[in-house]
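Residues per chain are reported as follows:
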Amino acid sequence: MKQFLTRLLRDELGAAMVEYALLVALIALVAIVGVSSVGTNINAQFNRISCKIATPSAACDQ
């Protein structure tokens, strides 16, 4: 058991795997925030278009 723990502490593959996992998590977070922001802007644009189609003379700035 002692040899296993010593070998585990010396092994750097685990550290590299953790670094990759953190990198993937960061990329996923940036992608989610970006897609959410773009989705909100597109939704607002579609709402303005819908308003203009329904009532062309109305001021559709929401």
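Here, every reference points to the structure presented above.
Just so it is clear, the model here is predicted, and its values are computed rather than measured.

Calculation notes
- Residues numbered from 1 in each chain as written.
- Predicted model: local features only at pLDDT ≥ 70, side-chain atom pairs only at ≥ 80, totals over all residues.
- Heavy atoms only, no water.
- Helix = DSSP H or I, 4+ residues; strand = E, 2+ residues; numbered from the N terminus.
- Buried < 20%, exposed > 50% of the residue type's maximum accessible area, 1.4 Å probe, protein only.
- Areas by Shrake-Rupley, 256 points an atom, 1.4 Å probe, with all protein chains shown as cover.
- Disulfide = S-S within 2.5 Å.

Caption draft 1: Spotlight on the overall build of the protein. Assigned secondary structure in the protein consists of two helices and zero strands. Each of the 62 residues in the protein was classed as buried or not, and the buried ones make up 3%. In the form shown here, the protein has an accessible surface area of approximately 5,800 Å², with 69% of it arising from carbon and sulfur atoms.

Caption draft 2: Here's a closer look at the state of the cysteines. Considering all chains together, one arrives at one disulfide under this definition. For Cys51, the disulfide goes to Cys60, at an S-S distance of 2.1 Å. Every disulfide takes its handedness from the sign of the S-S torsion; for Cys51 and Cys60 that torsion is -70°, giving left-handed. With relative accessibility at 19%, the residue Cys51 sits in the buried group.

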